[in-house]
Amino acid sequence: MAGRSADDDRGGTVVTPSAEFPPLEPAEMDALRRVGAYWRVGAPPALPVDPTLDRYRNRPTPGRFTRLAPIALFRPEPGAPAGRDGLVAAERADQPDSPLGRRLRRVRRVLLGPPLASAAVLHERMRKLVALPVLSSDLLSSVAYGPEALLTVLVLAGSGALGLALPLSAGLVLLMVAVGISYRQTIPAYPHGAGSYLVAGDNLGVGAGLTAAAGLMLDYVLTVSVSIAAGVHAITSALPGLTPFAVPLGVLVILLLLAGNLRGVRAAGHLFVLPTYAFVAAVLGLLVVGYLRAAGRGFAPVAPPVVPATEGLGLLLVLRAFASGAVSMTGIEAVSNAVPAFRTPEWRNARTTLAWMVAMLVVLFAGLTLLIHLAGLVPRPGETLLSQLARLTFPTGPWYAVVQATTALILLLAANTAFNDFPRLLFFMARAGHAPRRFLHLGDRLAFGNGLVALAGTAVVVFVAFGGHTEKLIPLYAVGVFLAFTLSQSGMVVHWRRHRGGGWRRRALVNGVGATLSGLVLLTAAVAKFTEGAWVVVVAVPLLVLLFHRIHRHYRTLHAALALRPPSADPAPPTAACGPAAGPPEPAAGPPGASASRPVEGEELPQELRHLVVVPVVRLNRASMRALAYAVSLGRPTLAVHLAPEDAEADRFREQWRAWGDHVRLETIVSPYRAVVGPLAHYLEALHAAAPGLVLTVVVPEVVLRRPGHRLLHSRTGQRLRRALRALPGVVVTTVPVHVVE
């Protein structure tokens, strides 16, 4: 696990648009200085154009082929210190050049809004009253299906087993408080977010951190799928006629959530404020009226209907019920993952928000479970327990519809918690090299668009695969989230023991209790629900960890291959020497032993490069003449290559070449099987093998056609050749375009 960055040490946020561009390490800076000491290219010539673009401010608008207008799209960098040159790309610099592209861009702007400058990242943070509904929608909405999940398992042993719901719920409340207090301690200790991933990685090792990350990722995907499934179920409970359209309706909601979150953190937050608070108010109203009705009969519980037992009441069934009810805690870690999304002071606001969330969760969960027990309700297919309770509590008036509407709305929007945290988790993983680097990118609305799309796409696949059935998704739910809980709290115990600050024993005890209780739920869920679908998560977690390790190994290999290397010796700066007789004078050979010690493509100094420019020529026309002129103008040895399908055509081309003047050495290759790309690529590979110290620069002439339909009339030999040569080391491919006016 990578350690904290420099931003961590300064106390600033690590979620910045510059995270894609990490600074050079001290060793690389030293190597850069030593390489620069041997960079000998002479005095640079005067530039033929003003790079500041200042002298061309009033230039006319671009023409047909100068479709980009760099003059109007860039401006001097504001406030740049003296001696520092810089330009800032204006918003128009991203303007597409085609009519279709401009229309699509306008549609995108209508849906997502105008782009936000990088400096606006600090203004995109949330205050507590906005962060509470955004980050608690998953946690609070789970009370709509958590008690039902617990009772659905207990009722398998018959209606007589429903009495165990109260002690089991009391245990769940204790677990909620313990885990909530544990995460309250985590937030100030790790004020830059990443939650379980960073805590477990820092204290228990890379493997534990990646395991926690895998559990969280599965939890976030299932959060979206389960929340949408439960929300659709709430809608179909009130409107049974929509049941056949449950799956398309759920997919549509996921796509709408994706669009809302692509608008940015603050904009998405404003979308979810009212539904969350409306749900809390509706459930509190339901509890107040329900308990008033229960008080009227002396709080005597109504006998539940007789339900025959289909399973025996045993320890395994009780543990399964407890693990099923524990899904009410999913989302409790959301705040610790999203600390940088809060306004300053981030950690203090995040901790306060978490306390509000846990308090509301305990009140709603305990209140609903007890009220369901007093009402004598049991789960039944076709209608949720919350719908039954609301229908019983509000037999007349619009209040039943209000409860169902707010429940459906918050369940559908509860997935927003995952949309907020999943991309941030991928950001932290990508920063450490365990996830693709594209997840570091902040989109033009300062949202992690790649992470959002990845989450939405995966959730749609899972939702469709399980047919949008909540009861099929619930068994997969608890394993991943409690795996992350357990590792996070265990990591905090190690953290307190390692730092031993004031009151560390008390803090370690609190986190130890949270780790123990979470571990018991994890073990219970994994064993009791293994055959019901939990095996999918048990198998997926190690596979994901293996994938993360492979990604990290790739980036580590890439970094080692691209890292700057100092010269092998540090003598006096080299002097110029003559190069090979076949071309113009070459620069100096570099430090002693440098060329011999450098691998292929390892040159870092101009004097280490020995060039051969190769120009493939199909026929002698303006395109090939321009490519030849460009190649010769580079002042390096140049070779032209022509592939002919038979000897007669090769002879004809050599005759044309001599008529031109034979200004460049020509080599003809006869390809009797009429292949072009393969023989040319192998010929260039053979040239490189004969002289490994050469850098082959292949100059490919290319005719550029403006209309897409006309491109279908021409072969794409140039692009195929570029793809074939890309795999060859020591080969550089460049294109010389010739634009055809139509």
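Residues numbered from 1 in each chain as written. Predicted model: local features only at pLDDT ≥ 70, side-chain atom pairs only at ≥ 80, totals over all residues. Heavy atoms only, no water.

Chemist: Would you take a moment to explain a nonpolar patch on the surface for this structure?
Modeler: Judged by side-chain polarity, F530, W535, V536, V538, V539 and L543 come together as a nonpolar surface patch covering roughly 510 Å² of accessible area. Tracing the backbone through its elements, the reader meets V538 in helix α22 (residues 530–562). (Patch = residues over 30% accessible without salt bridge, like charges linked within 9 Å, V, L, I, M, F, W, Y side chains within 5 Å. Areas by Shrake-Rupley, 256 points an atom, 1.4 Å probe, with all protein chains shown as cover. Salt bridge = Lys/Arg side-chain N within 4 Å of Asp/Glu carboxyl O. Helix = DSSP H or I, 4+ residues; strand = E, 2+ residues; numbered from the N terminus.)

Chemist: What exactly am I supposed to notice about the sheet that holds strand β4 (residues 638–644) here?
Modeler: The strands making up a sheet associate through backbone hydrogen bonding, with each pair oriented either parallel or antiparallel. Taken together, the five strands give an open sheet; going across it, the order is β5-β4-β3-β6-β7, and neighbouring strands pair in parallel fashion. Strands with a single pairing partner mark the edges of an open sheet, and in this sheet they are β5 (665–670) and β7 (731–739). In this sheet, adjacent strand axes meet at a mean angle of 25° when their direction is disregarded. The pairing of β4 with β5 spans six bridges and is parallel. Opposite L643, over in β5, you have I669 as the bridge partner. (Pairing = 2+ DSSP bridges. Axes fitted to C-alpha atoms, helices over the stretch in contact; angles between N-to-C directions.)

Chemist: Got a minute to help me understand the packing of aromatic side chains in this structure?
Modeler: When we look at a pair of aromatic rings, we describe it by the centre distance and by the angle of the planes. Taken as a whole and judged by the stated rule, the model has six aromatic pairs. With centroids separated by 5.8 Å and ring planes inclined at 70°, the aromatic side chains of Y183 and F485 adopt a geometry described as edge-to-face. Here Y183, found in helix α7 (residues 165–189), pairs with F485, found in helix α20 (residues 477–499); they are 302 residues apart in sequence, far enough to count as distant. Given a relative accessible area of 0%, F485 falls into the buried group. Taken together, a centroid distance of 5.4 Å and an interplanar angle of 80° make the contact between F427 and F428 edge-to-face. Across the pair, F428 and F427 agree in class, each one buried. The rings of Y183, F482 and F485 are connected pair by pair, giving a single aromatic cluster. In this structure, R507 packs its charged tip against the face of W496, placed 5.4 Å from the ring centre. (Phe/Tyr/Trp six-rings, centres within 6.5 Å; stacked < 30°, edge-to-face > 60°. Buried < 20%, exposed > 50% of the residue type's maximum accessible area, 1.4 Å probe, protein only. Lys NZ or Arg CZ within 6 Å of the ring centre and 35° of its normal.)

Chemist: I'm lost on the pattern of salt bridges in this one. Help?
Modeler: It is possible for side chains of opposite charge to pair when their charged atoms get near one another. Per the stated rule, a full pass over the model turns up five salt bridges. Where E383 meets R391, a salt bridge forms, and the shortest distance between an N and an O atom there is 3.0 Å. We classify E383 as buried; its relative accessible area is 9%. Between R654 and D651 there is a salt bridge, and its shortest N-O distance comes to 2.6 Å. In this pair, R654 and D651 are both assigned in helix α25 (residues 647–660), three residues apart and thus about one turn of the helix distant. Of the residues examined, D651 reaches a relative accessible area of 43% and is grouped as partly exposed. It is possible to trace a salt-bridge network through shared partners that takes in R380, E383 and R391.

Chemist: I would appreciate a short explanation of the packing of α7 against helix α12 (residues 315–325) in the present structure.
Modeler: The axes of two packed helices give the description: the angle between them and the distance between them. One way to put it is that α7 packs onto α12 with a least axis distance of 10 Å and a crossing angle of 45°. The orientation of α7 relative to α12 falls into the category oblique. Crossing hand, α7 versus α12: right-handed. Between α7, through L168, G171, L172 and L175, and α12, the contact on the second element is made entirely by V318, A321, F322 and G325. For the contact of α7 with α12, the residue count by class is six nonpolar, two polar and no charged. (Parallel < 35°, antiparallel > 145°, perpendicular 65-115°, else oblique. Left-handed = near helix turned anticlockwise from the far one by under 90°. Contact = heavy atoms within 4.5 Å. Nonpolar A, V, L, I, M, F, W, Y, C, P; charged D, E, K, R; others polar.)

Chemist: Help me understand the environment of E685, please; the structure alone is not making it clear to me.
Modeler: Turning to its location among the elements, E685 is positioned in helix α26 (residues 677–690). Sequence spacing of E685 and V731 is 46 residues, and the spatial spacing of their C-alpha atoms is 8.7 Å.

Chemist: How should unusual backbone geometry be read in this particular structure?
Modeler: Negative phi characterises most residues that are not glycine, and trans characterises most peptide bonds. Phi at F299 takes a positive value of approximately 60°, unusual for a residue other than glycine. By the element assignment, F299 lies in the loop between α11 (265–296) and α12. Residue F299 is classed as partly exposed on the basis of its relative accessible area, which comes to 45%. A positive phi angle, close to 55°, is found at D662, a residue other than glycine. With respect to the helices and strands, the residue D662 is situated in the loop between α25 and β5.

Chemist: Looking at this structure, I do not really get the confidence of the model for the chain. What am I missing?
Modeler: The predicted coordinates of low-pLDDT regions are not to be read in fine detail. The predicted model of the chain averages 76 in pLDDT, with 74% of residues at 70 or higher. Considering each helix and strand of the chain separately, the mean pLDDT is smallest for helix α1 (residues 6–10), with a value of 39, and largest for helix α14 (residues 346–375), with 90. In the model, residues 570–597 has pLDDT below 50 throughout and makes 49 contacts with residues more than four positions away in sequence or in other chains. (pLDDT = per-residue confidence, 0-100.)

Chemist: Would you explain the nonpolar core in this entry?
Modeler: Grouped burial of nonpolar side chains is what soluble globular proteins tend to show. Within the largest apolar cluster, 146 residues are counted, with the highest numbers of intra-cluster contacts made by L154, V224, I228, I254, F419, M429 and F482. The biggest single contributor to this core is helix α9 (residues 206–238), with 18 residues. Of all hydrophobic cores here, the second largest spans 18 residues; its members include V641, L684, V698 and V731. (Core = buried A, V, L, I, M, F, W, Y, C linked by side-chain atoms within 4.5 Å.)

Chemist: For this particular structure, what's the right way to read helix α24 (residues 622–633)?
Modeler: Across its twelve residues, α24 extends 16 Å between first and last C-alpha, which sits within 8% of the 16 Å expected from 1.5 Å per residue. Taken together, the buried positions of α24 are occupied by A623, S624, A627, L628 and A631. Relative to the axis of α24, the buried residues are bounded by an arc of 130° and lie together on one face. Counted as exposed and oriented over 90 degrees from the buried face of α24: R622 and S633. Turning to α24, the residues buried within the fold contact β3 (610–616), β4, α25, β6 (694–704) and β7. Backbone geometry just after α24 places G635 at a positive phi near 75°. (Expected span 1.5 Å × (residues − 1). Arc of directions from axis to C-beta.)

Chemist: I tried to follow α26 on my own but got confused; where do I start?
Modeler: Three or four residues apart is the spacing at which side chains of an α-helix point the same way, because the helix has 3.6 residues per turn. The terminal C-alpha atoms of α26 lie 20 Å apart, and with 14 residues this matches the ideal 20 Å at 1.5 Å per residue to within 8%. By the burial criterion, the buried members of α26 are V677, L680, A681, L684 and H688. Viewed end-on, α26 has its buried residues packed into an arc of 100°, placing them on one side of the element. Structural note: α26 exposes H682, A689 and A690 on the side pointing more than 90 degrees away from its buried face.

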